[in-house]
Amino acid sequence: CVFVVPEFPGLGHSGGGSTLLGYIGIDTIIEQMRKKTMKAGFDFNIMIVGHSGLGKSTLVNTLFKSQVSRWSSGWGSEHKIPKTVEIKAVSHVIEEGGVKMKLTVIDTPGFGDQINNENCWDPISKYINEQYEKFLKEEVNIARKKRIPDTRVHCCLYFISPTGHSLRQLDIEFMKHLSRVVNIIPVIAKSDTMTLDEKNEFKHRVRKELETHGIEYYPQNEFDDDMEDKNENDKIRETMPFAVVGSDKEFQVNGKRVLGRKTAWGVVEVENPNHCEFALLRDFLIRSHLQDLKEVTHNIHYETYRARRLNDNGGLHPISANNTQESNL
Amino acid sequence: MTTNIRYKSRIPIKSDETTEEKQYVGFATLPNQVHRKSVKKGFDFTLMVAGESGMGKSTLVNSLFLTDLYKDRKLLNAEERINQTVEIIKHTVDIEEKGVKLKLTIVDTPGFGDAVNNNECWKPITDYIDQQFEQYFRDESGLNRKNIQDNRVHCCLYFIPPFGHGLRPVDVEFMKALHEKVNVVPLIAKADCLTPNEIKKLKDRVREEIERFGIKVYQFPECDSDEDEEFKQLDKELKECCPLAVIGSNTVVEARGQRVRGRLYPWGIVEVENQSHCDFVKLRNMLIRSHMHDLKDVTCDVHYENYRAQCIQDMTSKLTHDNRMESPIPILPLSTPDVETDRLIKMKDEELARMQEMLNKMQQQIHDGKDQ
């Protein structure tokens with residue numbers, strides 16, 4: 001009998017590695033991974049720290065274009081300052097372009113608001129470590145979940161008061177204690193109180209101070225993977241801390257509706273790069289480095305915690321004939 | 001081939017300053033962020049091939065990955081093979097295509113099924129698979145987890161001879177020894193010696209026997225409801241074609257005016273990539289283009305987890321007998337201990353309490369004895 005032979009495309013040369021005909025199709029694994037990760041969805045946990053009145057909640061709402069912060073979840077509009085630092089986490093699922101993200105905003109009311117603010121970062125530090133502990137426990141379980149629920153703090157936005165002078169003692173203390181435990185992204189809040197020159201001078205001074213105190217903010221120098229990363233991150237590090245303005249109100253400017261703050265002398269446009277660096281922050285945080293924030297948290301901060309924990313546990317660590325591992329502490 | 005269209009690599013969209021764009025937050029780029037990292041790191045895949053000599057395993061591997069891994073191989077004759085045991089030989093090759101790097105490891109099992117007495121000839125193979133799991137388990141529980149090498153076997157292609165009438169006892173026993181440790185994909189080898197009818201009969205027979213003997217071969221995951229019709233159709237065809245009947249070739253022949261991989265016979269030319277000649281294309285698509293990631297996932301989430309759970313349970317039960325055993329995993333106080341561990345701990349406590357009591361009694365007796 002006669003076979004009907006279907007038409008099939010000409011066979012070209014595949015790239016590198018082999019000289020025999022055809023195309024294998026390895027690049028399709030990207031697409032396979034994409035489908036799986038889209039199905040699984042993403043989650044992101046962001047903590048906001050700064051004393052009250054710096055516009056933290058407004059900024060987070062502006063960043064994610066939704067009412068995701070604590071104040072919008074019906075917690076009442078009495079902005080009462082609590083007696084101690086509280087940790088309040090609120091989760092929302094937001095969707096865009098077919099991608100579902102479970103966003104958790106962790107607010108820290110009471111930070112920096114007391115008369116005596118000594119060690120006010122302790123509850124925050126404790127919370128962050130508790131999330132690492134939770135993850136660790138799940139990881140060593142016998143029957144562990146396929147996808148361990150991730151409540152670890154991926155990013156901590158630290159709000160600096162726009163004094164125009166320098167960092168406050170509390171700012172330095174907080175960042176010193178926590179920059180080795182979590183990714184800290186410092187931002188200058190309510191930056192519409194400074195002119196361009198004042199802003200640049202302030203930023204320069206802040207960067208110098210951070211350097212003097214050995215505070216590594218995200219993206220940390222030591223974690224740059226390769227030259228490409230380093231170049232990209234160097235540019236970002238030179239511009240940080242971003243001077244931002246947040247707003248959830250819209251105004252008409254030149255026939256377009258923009259988010260902004262209306263004053264007697266003009267409208268501060270939040271997304272206008274000439275007015276403030278909100279757009280830079282947003283692009284950096286969400287559009288290019290969101291995944292990296294999670295990876296640095298998982299591969300570095302979490303591993304540091306885990307290694308310390310294992311060492312503390314009476315030195316119970318893998319011992320075998322061909323084991324060449326050592327503690328990396 | 002229509003499947004190619006589906007898998008065009010998606011380039012990340014450059015952001016545009018249109019008003020529409022401004023409405024978006026921008027985390028729709030997340031999948032691309034994830035992929036950028038993976039592309040940089042590259043992927044790895046470990047494939048095991050098992051079956052008697054002469055089933056065309058090496059040829060098939062070369063055909064699948066367009067490599068020439070077995071160039072300098074020396075074929076043994078029967079006499080040399082008599083005393084040969086099953087070996088495990090690894091070949092590693094780095095392949096790059098369209099910017100994506102793959103580190104491919106082929107685990108070959110020469111000697112399998114070649115001896116006169118093939119009792120338990122799969123043992124070196126199951127031992128190898130377990131060793132890789134154990135190595136990964138130790139690495140994963142260690143302190144420095146930065147660069148863990150994943151040598152776990154992601155898929156095992158098992159070659160069934162086309163000459164028989166279905167599965168032989170060694171086929172059944174082998175697959176049963178492995179089906180809970182690795183993804184087993186059975187193939188009918190050298191399918192060019194069978195007519196289409198014979199292939200169909202053999203496939204039906206093998207499918208029925210796999211079911212009857214309770215062999216858990218690799219199951220393709222169900223299609224999502226939102227997949228397009230074309231994909232669903234392909235998926236259905238794939239499932240109905242199992243086990244796949246394959247042909248491999250290291251030579252290029254001229255057929256219908258084109259240079260193709262094939263085998264030249266006096267009565268015609270067998271084209272490896274011709275879907276009406278054999279299922280090679282289906283195998284390649286399944287293995288590389290649609291299910292490679294899933295094969296790895298199932299290995300990690302099912303086979304490895306089973307091994308790990310079993311390992312931990314064995315160690316926990318050993319602990320009650322031997323207090324001084326060093327455990328390779330950090331024993332953190334588990335907040336949710338399972339019932340079994342609880343029971344064992346309780347038993348141990350009671351035993352300790354009894355021993356302590358006995359000790360006290362003895363001490364008392366000695367003490368009393370002394371006083372008298």
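Residues numbered from 1 in each chain as written. Chains lettered and ligands numbered in written order. Predicted model: local features only at pLDDT ≥ 70, side-chain atom pairs only at ≥ 80, totals over all residues. Heavy atoms only, no water.

The name that an unreviewed UniProt entry assigns to chain B is Septin, with the source organism given as Oncorhynchus mykiss. UniProt annotates chain B under Subcellular location (unreviewed entry) with the comment "Cytoplasm". Regarding chain B, the relevant UniProt record gives this comment under Sequence similarities (unreviewed entry): "Belongs to the TRAFAC class TrmE-Era-EngA-EngB-Septin-like GTPase superfamily. Septin GTPase family." (UniProt positions renumbered as here; feature names shortened; annotations may be inferred.)

An unreviewed UniProt entry annotates chain A as Neuronal-specific septin-3 originating from Oncorhynchus mykiss. The annotation that UniProt attaches to chain A under Subcellular location (unreviewed entry) is "Cytoplasm". Listed in UniProt under the heading Sequence similarities (unreviewed entry), the comment for chain A reads: "Belongs to the TRAFAC class TrmE-Era-EngA-EngB-Septin-like GTPase superfamily. Septin GTPase family."

Colleague: Can you walk me through the sheet that holds strand β5 (residues 184-188) of chain A in this structure?
Modeller: Sheets are built from strands paired through backbone hydrogen bonds, the pairs being either parallel or antiparallel. All names here are of chain A. Reading across from one edge, β2-β3-β1-β4-β5-β6 is the order of the six strands in this open sheet, with mixed pairing throughout. Whereas interior strands pair on both sides, the edge strands pair on one side only; in this sheet they are β2 (88-96) and β6 (242-243). With four bridges joining them, strand β1 (residues 42-49) and strand β4 (residues 155-160) adopt parallel strand pairing. Residue pairing for β4: isoleucine 48 is matched across the bridge by leucine 157. Along the sheet face, helix α3 (residues 122-140) touches β1, β2 and β3 (99-107) and points at about 165° away from the line of β1. (Pairing = 2+ DSSP bridges. Helix = DSSP H or I, 4+ residues; strand = E, 2+ residues; numbered from the N terminus. Contact = heavy atoms within 4.5 Å. Axes fitted to C-alpha atoms, helices over the stretch in contact; angles between N-to-C directions.)

Colleague: Would you mind showing me how to read the packing of aromatic side chains here?
Modeller: In this description, a pair of aromatic rings is defined by centroid distance and the angle of the planes. Taken as a whole and assessed by the stated rule, the structure comprises 16 aromatic pairs over all chains. On the numbers, 4.9 Å between centres and 15° between planes, the contact of tyrosine 158 of chain A with phenylalanine 174 of chain A is stacked. You can see tyrosine 158 of chain A sitting in strand β4 and its partner phenylalanine 174 of chain A sitting in helix α4 (residues 169-178), a full 16 residues away along the chain. Here tyrosine 158 of chain A matches phenylalanine 174 of chain A in class, with each residue buried. Relative to tyrosine 304 of chain B, the ring of phenylalanine 133 of chain B has its centre 5.9 Å away and its plane inclined at 55°; by these criteria the two rings are tilted. With phenylalanine 133 of chain B in helix α6 (residues 123-141) and tyrosine 304 of chain B in helix α11 (residues 292-321), the pair connects residues that are 171 residues apart, well separated along the chain. (Phe/Tyr/Trp six-rings, centres within 6.5 Å; stacked < 30°, edge-to-face > 60°. Buried < 20%, exposed > 50% of the residue type's maximum accessible area, 1.4 Å probe, protein only.)

Colleague: Would you explain unusual backbone geometry in this entry?
Modeller: For residues that are not glycine, phi is negative in most cases, and the peptide bond is trans in most cases. Here the amide bond leading from methionine 240 of chain A into proline 241 of chain A is cis, since omega sits at -5°, within 30 degrees of zero. For proline 241 of chain A, the location among the structural elements is in the loop between α6 (227-239) and β6. Between cysteine 242 of chain B and proline 243 of chain B the backbone carries a cis peptide bond, its omega angle lying at -5°. Relative to the helices and strands, proline 243 of chain B resides in the loop between α9 (229-241) and β6 (244-245). Backbone geometry at lysine 190 of chain A places phi at a positive 40°, although glycine is not the residue there. When you line up the elements, lysine 190 of chain A lands in the loop between β5 and α5 (196-212). Even without being a glycine, asparagine 254 of chain A presents a positive backbone phi close to 50°. The topology assignment puts asparagine 254 of chain A in the loop between β7 (250-253) and β8 (256-263).

Colleague: Teacher, can you tell me more about the state of the cysteines here?
Modeller: In a disulfide, the sulfur atoms of two cysteines are covalently bonded to one another. Counted according to the given criterion, the structure contains zero disulfides over all chains. Sulfur of cysteine 155 of chain A: no disulfide; nearest cysteine sulfur belongs to cysteine 156 of chain A and is 7.0 Å away. A residue is classified by how much of its surface remains accessible, and cysteine 155 of chain A, at 0% relative accessible area, is buried. Not part of a disulfide, cysteine 155 of chain B finds its nearest cysteine sulfur in cysteine 156 of chain B, a span of 7.0 Å. When its relative accessible area of 0% is taken as the criterion, cysteine 155 of chain B is described as buried. (Disulfide = S-S within 2.5 Å.)

Colleague: Got a minute to help me understand the packing of α6 of chain B against helix α7 (residues 169-178) of chain B in this structure?
Modeller: A pair of packed helices is captured by two measures, namely the crossing angle of their axes and the spacing between those axes. Residue and element names in this part refer to chain B. Contact pair α6 / α7: the axes reach a minimum separation of 10 Å and the direction vectors enclose 15°. Considered as vectors, α6 and α7 are oriented roughly parallel to each other. Both α6 and α7 take part in a crossing whose hand is right-handed. Residues Ile125, Thr126 and Ile129 of α6 pack against Phe174, Ala177 and Leu178 of α7. (Parallel < 35°, antiparallel > 145°, perpendicular 65-115°, else oblique. Left-handed = near helix turned anticlockwise from the far one by under 90°.)

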